[in-house]
Amino acid sequence: MINADTYKFSIFKILTNSLCKTNKDIKQYIAFSVIKLTFFLTVSILVGIIGFLIFKGARVISLDFIFKMPENSMTSGGIFPAILGTFYLVTLSVIFSAIPGIACAIYLNEYGPKGFISTLIRISINNLSGVPSIVFGLFGLAIFVKQLNFGISILSGSLTLSIVILPIIISSTREALMTIPQSMREASMALGASKWTTIWKIILPQALPSIMTAIILGIGRAAGETAPILFTAAVFYSRELPKSIFSEVMALPYHIYALITEGTSPQQQIPIAYGCALVLLFLVIIISISAIFIRQKQRSLYAKTGH
Amino acid sequence: MSIKSENFREKAIEYTLFILSLSAIIFLAGIIFTLIKEAIPAFKEIGFFKMLLSKDWYPTYDPPDFGILPLMAGTMVVTVIALLISIPLGLACAIYISELAGKREKVFLKPFIELLSSIPSVVYGFWGIVFLAPAIQKYFDIPSGYCAITSGIVLGIMSAPIIASLSEDSLNYVPKSFKEAAFALGSNKFETLMNVTIPAAASGIITSIILGTGRIIGETMVVLMLSGGAAIMPTSALEPVRPMTSAIAAEMGEAAFKTLHYYSLFAIALILFAITFVLNMLAEKISKKYRIKLGSSR
């Protein structure tokens with residue numbers, strides 16, 4: 001009796017177990033399929049957008065388009081001044097933010113004070129990276145354009161952009177410094193090198209490729225930002241190429257916006273906007289890929305040496 | 001003597017680095033100070049609560065009205081639509097990359113998502129104008145494709161990679177031993193994901209959503225190009241709206257320096273800054289807690 005009962009019970013148990021198991025597996029199958037589908041949907045939407053713009057832009061792109069001045073009140077010709085303007089803005093903003101950015105990362109990571117001030121620095125960096133870009137634009141307008149009287153100029157625009165990219169440069173440089181193994185510092189200090197000698201001779205040369213990544217990421221961000229230069233640097237049309245840092249400039253992202261919203265003859269200007277979008281996309285993608293490439297190489301280097 | 005001079009050099013360098021690293025604090029303080037200084041005249045003249053609660057935004061009329069409620073409502077509608085899109089898409093991508101993708105796929109996918117999140121917003125806005133807005137206009141048969149839903153969709157697509165990348169990080173940080181323990185107890189992959197991995201990464205995922213929300217609220221170019229720009233209280237997603245960022249971007253060019261209109265745009269910027277500031281602090285608090293939680297249980 002008892003035997004039969006146990007037997008029945010265990011049969012029941014095996015049955016329910018296997019039922020549950022298939023149930024479990026079906027659930028897993030459905031859930032993972034939904035996740036996979038959503039993932040492929042998202043990627044194909046994003047790739048589709050980029051592909052659409054590349055396809056449309058490729059028809060307009062030529063050497064003349066890139067190296068010629070605009071003609072016939074922006075309805076034909078090239079976009080050279082916009083490319084040059086973006087180059088000026090990006091170069092200056094990186095110069096302005098690289099020194100304080102790298103210094104800040106070194107200070108936080110190598111000297112690592114545990115005080116109120118360094119907490120404050122960290123909180124400021126986090127918040128600065130979340131400030132809406134248009135707010136940077138207003139700050140630049142009030143301080144650089146009006147207060148300091150730089151006017152709408154390359155200088156005002158690149159100073160504004162430099163604040164936008166400062167948190168990016170600080171946090172990626174810090175990340176780079178963190179990957180340098182502690183044993184390097186200890187070995188250098190053990191040989192009698194001072195703290196700064198260790199940083200200058202050992203840490204920085206090692207971290208240099210990753211610091212380059214930080215700067216490249218900053219370049220990519222600065223090249224694509226529109227809102228910060230809306231009131232501080234950019235104009236739709238300038239008669240000549242900028243002569244000094246106090247000239248106003250044309251810039252690629254602003255040019256796309258202006259062509260499509262302020263243009264008077266969309267028939268001719270929308271193709272130009274497609275071309276601009278392709279050039280900007282190309283720039284940003286190349287910049288990002290090179291940053292990713294350097295970082296990957298650096299990471300695998302440390303993975304190989306066993307740190 | 002040489003030791004003394006070396007000590008001096010060391011100290012000098014440390015102080016120089018310290019002073020340079022104050023730049024982040026100085027800029028943030030400068031932004032806060034400037035916004036408050038330029039916003040105060042608007043609050044004084046119009047009245048803080050009247051500005052916040054009045055439904056009329058007619059800055060160029062005579063007499064002008066400076067009620068920013070419709071602008072805030074516009075921001076809210078667009079943000080909600082964007083989040084409805086970006087949260088599921090972003091989380092699905094994060095889960096796929098960190099849990100389902102093969103090792104080789106993962107090495108390629110993570111940088112790819114980062115690459116997608118670095119595409120400038122003006123490019124997305126441009127795509128919205130040439131592709132999505134006409135499509136929406138046709139599909140819903142409305143007079144203009146520039147409305148809340150168009151900018152919401154573009155913002156959602158645009159911020160999905162940001163949420164994906166941040167959430168993926170937090171899923172990745174969950175210690176392997178957590179999952180192994182769940183497998184050992186007989187859970188399958190899905191049960192482990194739902195009962196162990198996601199709860200352990202929950203605060204990181206929430207942080208990524210909060211940061212993504214901040215990005216969406218502060219995004220300017222997409223809403224400027226696609227929202228339609230009507231400063232009225234929205235009653236449906238198919239109506240044009242004028243979110244706060246687009247009002248600032250569209251009107252600052254016309255507003256004369258140091259007029260009430262100029263000050264009131266700074267007041268909007270101050271409110272916008274306050275919203276993102278609170279979101280950032282919230283994200284920081286949650287992620288700090290999360291680090292402690294995972295650290296102690298490891």
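Keep in mind the model is a prediction, meaning the values are calculated, not measured. (Residues numbered from 1 in each chain as written. Chains lettered and ligands numbered in written order. Predicted model: local features only at pLDDT ≥ 70, side-chain atom pairs only at ≥ 80, totals over all residues. Heavy atoms only, no water.)

A.B. asks: Would you mind showing me how to read the overall build of chain B here?
C.D. replies: When helices and strands are tallied, chain B shows 12 helices and 2 strands. Order of helices (α) and strands (β) in chain B, N terminus to C terminus: α-α-α-β-β-α-α-α-α-α-α-α-α-α. With respect to the principal axes defined by its C-alpha atoms, chain B has extents near 75 × 70 × 35 Å. Looking at chain B as a whole, 54% of its 298 residues are labelled buried. Counted over contacts in chain B with a minimum sequence separation of 6, partners at least 24 positions apart contribute 72%. Surface summary for chain B: the accessible area is close to 13600 Å², and the carbon and sulfur share equals 67%. Placing the 24 positive and 21 negative side-chain charges of chain B at their respective mean positions leaves the two points 9 Å apart. (Helix = DSSP H or I, 4+ residues; strand = E, 2+ residues; numbered from the N terminus. Buried < 20%, exposed > 50% of the residue type's maximum accessible area, 1.4 Å probe, protein only. Contact = heavy atoms within 4.5 Å. Areas by Shrake-Rupley, 256 points an atom, 1.4 Å probe, with all protein chains shown as cover. Lys, Arg positive; Asp, Glu negative; His and termini not counted. Charge placed at Lys NZ, Arg CZ, Asp CG, Glu CD.)

A.B. asks: How do you make sense of the domain arrangement of chain A when you look at a structure like this?
C.D. replies: The figure often quoted for interface size is the accessible area lost as the parts come together. All names here are of chain A. As far as domains go, chain A holds domain 1 (1-58) and domain 2 (68-305). Inter-centroid distance (C-alpha atoms) of domain 1 to domain 2 is 43 Å. Interface area lost by domain 1 to domain 2 is led by Leu 53, Lys 56 and Gly 57, which between them contribute 60%. For the pair domain 1 and domain 2, the interface holds 0 salt bridges. Counting the contacts that link domain 1 with domain 2 gives 0 residue pairs in polar contact (both at pLDDT 80 or more). A breakdown of the residues in the side of domain 1 that touches domain 2 according to their chemical character gives 5 nonpolar, 1 polar and 1 charged. (Domains from an automatic or database assignment. Buried area = accessible area lost by both parts, 1.4 Å probe. Salt bridge = Lys/Arg side-chain N within 4 Å of Asp/Glu carboxyl O. Polar contact = N/O pair within 3.5 Å; in protein donor to acceptor, adjacent residues only side chain to side chain. Nonpolar A, V, L, I, M, F, W, Y, C, P; charged D, E, K, R; others polar.)

A.B. asks: Got a minute to help me understand the packing of helix α3 (residues 80-111) of chain A against helix α6 (residues 154-179) of chain A in this structure?
C.D. replies: Residues and elements named next belong to chain A. Packing of α3 against α6 leaves a shortest axis separation of 6 Å and a crossing angle of 35 degrees. Classified by chirality, the crossing of α6 by α3 is right-handed. In the contact of α3 with α6, the residues fall into 22 nonpolar, 8 polar and 2 charged. (Axes fitted to C-alpha atoms, helices over the stretch in contact; angles between N-to-C directions. Left-handed = near helix turned anticlockwise from the far one by under 90°.)

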